[in-house]
Amino acid sequence: MNPVLSVKGVSKHFGGLKAVDDVTFEVRRGEILGLIGPNGSGKSTLFNCILGQLPASGGKVEVDGRDVAGLRPCDLNLLGVGRTFQMLQVFPEMTVLENIILAGQEHKGTMFSRLFGKPDAGLTDEAKRMIEFFRLTHQTNEKAGSLSYGQQKLLDAAMAFMAGPKLVLLDEPAGGVNLTMLAHLKERLKAFNEERGATFVVIEHNMEFVMSLCTRIIVLANGRIIAEGEPEAVRNDPQVIEAYLGG
Amino acid sequence: MNARANFLAILAAVAVLAVLPSSLSTYSVYVLCSWMVFSIAAMGLNLTLGFAGQVSLAQAAFMGIGAYTTALMTMAGIPWPLAMIAAAVECFLIGLVLGYPALRVQHHFLAFVTLAFNALVFLVLRNEEWLTGGTYGVVGIPRPSVLGFSTNQQTGFYYVVFGFFLVLSAVLYGILRSPWGRAFQALRENPIRANSLGVDIRRMTLLAFAIGSAYGGIAGGLLGQLVQFIDPNSFTLTISLKVLLMVIVGGAGYFFGPYLGALLVILMPEFLRFTEGYYLMLYALLVIVLMISCPKGLLGIVDRIKLSIKLRQNPSATAWEQGK
Ligand SMILES: Nc1ncnc2c1ncn2[C@@H]1O[C@H](COP(=O)(O)OP(=O)(O)OP(=O)(O)O)[C@@H](O)[C@H]1O
Ligand SMILES: [Mg+2]
């Protein structure tokens, strides 16, 4: 079986800076892969290259065995790849419900059926279930901009899941989220992984969160992969400790 | 409850507009027609700018293209409905092309690109005399006849404009209520996030321009038939700014903003006429005061009142909205 995501020798140069330097890895179906590394090690840049947000300087990315070179972020999303950004990204003037419906509507019907069909693209019920799943029911009709930071993080993640993606790339989903909310988010991610078979790649600085959530971890430093393996092994890898302390 | 009250209010307004001309002078009917024509142009710009967030200073250029197209075609003997459709389609396509720069530049850069386009259209209208009559413009544009009835009387033509006004309002409402409307709004609020959620932002940007421009083209076609005379000066940047003012004053991004804005911009000079030489100054002052006190336009004030009621009921809930 093809890996869900296969990254082959991807590089990204900003002028002389090699932000991502010849990175190769695969993501297997159903796994939760952690991507860690010091600040500025190229994690977010790698995501952006995989998702067509930034043009890579070299290398190849395959989703389900299909070369996705030249595809735009929206094309990749329609292929079943969801994401969140490191910085919060919601639609502040829209209600929580509208945010979630938007996240699903482009996957329903065609351009024209969306113009002439139902205003909610038939997604209200599903959206409400998703909102409940992320425990935002009381905020359903609040504007997204009026939610707390942690709630907006949850909404952001909920949007990434709405279209039922096979692969989700999460960039620091736990950043700035308080402990209760964090435990809640972890539980939601695990539930998605187990119940719906969703595959994740998670960038995160919170070690405890990563170690308890992920089944495998890749460590990036200066744009290169320096270690890869099970959480315990990676935690004790001298190179990793060195990169973090020296970083 | 609320939706029902809104619906009844709209129904009442439509009924009033339907019977109004019989009790008004010819000139007043003309002013009303002018309000509806500019409302249509402003509705289009409200889609492009207010909902989809794409700055355009070229709405008058599209009105000009629409006006000249319908005028020249009807005067060449082509039936007016065909001419109107041609004007709308032509503006839709040109709007599509004008949308391309918006894929690269935003905000004030985009404002300059569209401004240059307006200047370009003005120059074409003025210089291509063989087609447009140059600075003399086009005189004697025929009024349409509907089912054999001439609309040379002001009231007859009023109902033609009214028909367009109603249908185009309904069409816009349908678009904004559909997933397209949500996608337009997402494009305005956060294009990068929208893109990552499958919204084809390139297509939506182009469509926002194209549809808004088609509304401008239809408004222009009607304007030519209303005034029965057009020249390049009717479609300068100043007129684009006037349409922009309507959208901003009424409330950009509010469905009813353009109607209110156009009403104010068209009617205020009429009301202030008694002040003679001072009316333009008063008018400018009023606009300045409004923009300072409520940058979100008149309908923004309504929102603010609603919010203060909500706050009285639940003081803690909406600090964010208050802070805006
Ligand atoms: N658009 C850009 N132009 C120039 N340099 C960039 C750009 N984006 C990122 N970089 C540089 O690339 C390097 C990697 O940045 P990146 O954001 O990928 O790091 P990161 O691993 O996500 O860090 P953090 O953990 O702080 O989020 C940094 O040195 C950064 O300054
Ligand atoms: Mg980052």
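Rules used throughout
Residues numbered from 1 in each chain as written. Chains lettered and ligands numbered in written order. Predicted model: local features only at pLDDT ≥ 70, side-chain atom pairs only at ≥ 80, totals over all residues. Heavy atoms only, no water. Helix = DSSP H or I, 4+ residues; strand = E, 2+ residues; numbered from the N terminus. Rg over C-alpha atoms; globule rule 2.2 N^0.38 Å. Buried < 20%, exposed > 50% of the residue type's maximum accessible area, 1.4 Å probe, protein only. Contact = heavy atoms within 4.5 Å. Pairing = 2+ DSSP bridges. Axes fitted to C-alpha atoms, helices over the stretch in contact; angles between N-to-C directions. Donors = N, O, S within 2.8 Å, 3.2 Å for Na, K, Ca; no water. Core = buried A, V, L, I, M, F, W, Y, C linked by side-chain atoms within 4.5 Å. pLDDT = per-residue confidence, 0-100. Disulfide = S-S within 2.5 Å. Expected span 1.5 Å × (residues − 1). Arc of directions from axis to C-beta. Salt bridge = Lys/Arg side-chain N within 4 Å of Asp/Glu carboxyl O. Near = heavy atom within 4 Å. Polar contact = N/O pair within 3.5 Å; in protein donor to acceptor, adjacent residues only side chain to side chain. Areas by Shrake-Rupley, 256 points an atom, 1.4 Å probe, with all protein chains shown as cover. Nonpolar A, V, L, I, M, F, W, Y, C, P; charged D, E, K, R; others polar.

## What about the overall build of chain B?
Looking only at helices and strands, one finds 15 helices and four strands in chain B. Computed over its C-alpha atoms, the radius of gyration of chain B comes to 20 Å, within 12% of the 20 Å expected for a compact globule of 324 residues. Along the first, second and third principal axes, the C-alpha atoms of chain B reach 65 × 50 × 40 Å. Put simply, chain B has 324 residues, and 50% of those count as buried. In chain B, of all internal contacts separated by at least 6 residues, the share reaching a separation of at least 24 is 77%.

## A few points about the sheet that holds strand 7 (residues 167-171) of chain A
All names here are of chain A. Across the sheet, which stays open at both edges, the six strands sit in the order 6-7-8-3-9-10 with mixed pairing between neighbours. At either end of the open sheet lies a strand with only one pairing partner, and these are strand 6 (81-83) and strand 10 (224-229). The sheet shows a mean angle of 20 degrees between the axes of neighbouring strands, taken without regard to direction. In the sheet, strand 6 pairs with strand 7 via three bridges, with the strands oriented parallel. Bridged to Val 81 within strand 7 is Leu 167. The strands that helix 6 (residues 149-162) touches are strand 6, strand 7 and strand 8 (199-203); relative to strand 7, the one it contacts most, it runs at about 160 degrees.

## With respect to the coordination of the magnesium ion (ligand 2)
For the magnesium ion (ligand 2), the full set of protein donor atoms is Ser 44 of chain A (OG) and Gln 86 of chain A (OE1), at a range of 1.9 to 2.1 Å. One end of the pair, Ser 44 of chain A, is in helix 1 (residues 43-50); the other, Gln 86 of chain A, is in the loop between strand 6 and helix 3 (96-105), and 42 residues separate them in sequence.

## Digging into the nonpolar core
Within the largest apolar cluster, 139 residues are counted, with the highest numbers of intra-cluster contacts made by Ile 100, Phe 134 and Phe 200 of chain A together with Phe 184 of chain B. Sort the elements by how many residues they give to this core and helix 2 (residues 26-51) of chain B lands first, with 16 residues. Residues Leu 33, Val 61, Val 63 and Leu 71 of chain A belong to the second largest nonpolar core, which totals 27 residues.

## Quick word on the confidence of the model for chain A
Of all residues in chain A, 99% attain a pLDDT of 70 or more, and the chain-wide mean is 93. Per-element confidence in chain A is highest for helix 3 of chain A, whose mean pLDDT is 98, and lowest for helix 10 (residues 238-246) of chain A, whose mean pLDDT is 84.

## Examining the state of the cysteines
All names here are of chain A. Tallied over the entire structure, the rule returns zero disulfides over all chains. The cysteine Cys 49 is free of any disulfide, with Cys 74 supplying the nearest cysteine sulfur at 17 Å. Looking at Cys 49, the relative accessible area reads 8%, which means it is buried.

## So, the sheet that holds strand 1 (residues 5-14) of chain A
All names here are of chain A. Taken together, the four strands give an open sheet; going across it, the order is 2-1-4-5, and neighbouring strands pair in antiparallel fashion. A strand with exactly one partner marks an edge of an open sheet, and here the two such strands are strand 2 (17-27) and strand 5 (66-67). Bridge count between strand 1 and strand 4 (residues 58-63): five bridges; the pairing is antiparallel. Residue pairing for strand 4: Lys 8 is matched across the bridge by Lys 60. Of the strands in this sheet, strand 1, strand 2 and strand 4 touch helix 1, which is tilted by about 115 degrees from strand 1.

## What about helix 14 (residues 298-313) of chain B?
Residue and element names in this part refer to chain B. Here helix 14 spans 24 Å end to end across 16 residues, near enough to the 22 Å set by a 1.5 Å rise per residue. When helix 14 is considered as a whole, its buried residues turn out to be Leu 299, Gly 300, Leu 307 and Leu 311. Burial along helix 14 is one-sided: seen end-on, the buried residues are contained in an arc of 125 degrees. In helix 14, those exposed residues whose orientation departs by more than 90 degrees from the buried face are Lys 306, Arg 312 and Gln 313.

## Digging into the pattern of salt bridges
Close approach of charged atoms allows side chains with opposite charge to pair. Residue and element names in this part refer to chain A. For the structure on display, the rule yields 18 salt bridges over all chains. For the salt bridge of Lys 143 with Glu 93, the shortest nitrogen-to-oxygen distance reads 3.5 Å. Of this pair, Lys 143 sits in the loop between helix 5 (124-133) and helix 6 while Glu 93 sits in the loop between strand 6 and helix 3, and the two are 50 residues apart along the sequence. Assessed through its relative accessible area of 22%, Lys 143 is described here as partly exposed. With a relative accessible area of 23%, Glu 93 lands in the partly exposed category.

## Here's the deal with the site of ligand 1
Residue and element names in this part refer to chain A. Taken together, 14 residues lie around ligand 1, and Lys 43, Ser 44, Thr 45, Gln 86 and His 205 are the ones closest in. Gly 42 is positioned such that a nitrogen or oxygen atom in its backbone is 3.0 Å from an oxygen atom of ligand 1. Note that an oxygen atom of ligand 1 is positioned 2.7 Å from one of the side-chain N or O atoms of Ser 44. In isolation ligand 1 has 630 Å² of accessible area, and contact with the protein removes 62% of it.

## Examining unusual backbone geometry
It is generally the case that most residues other than glycine have a negative phi and that most peptide bonds are trans. We note that Asp 22 of chain A has phi near 55 degrees; this positive angle belongs to a residue other than glycine. Owing to a relative accessible area of 45%, Asp 22 of chain A belongs among the partly exposed residues under this scheme.

## Observations regarding the interface of chain B and chain A
Contacts between chain B and chain A engage 30 residues on the former and 36 residues on the latter. Remark: the boundary between chain B and chain A carries two salt bridges. A salt bridge links Arg 72 of chain A to Asp 200 of chain B; the nearest nitrogen and oxygen atoms lie 3.0 Å apart. Elements supplying a minimum of two residues to the side of chain B that touches chain A: helix 7 (154-177), helix 8 (179-189), helix 9 (191-196), helix 10 (201-227) and helix 15 (319-323) of chain B. In terms of residue count, helix 8 of chain B provides more of the side of chain B that touches chain A than any other element does, eight residues in total. Taken together, the residues that form the side of chain B that touches chain A break down as twelve nonpolar, seven polar and eleven charged.

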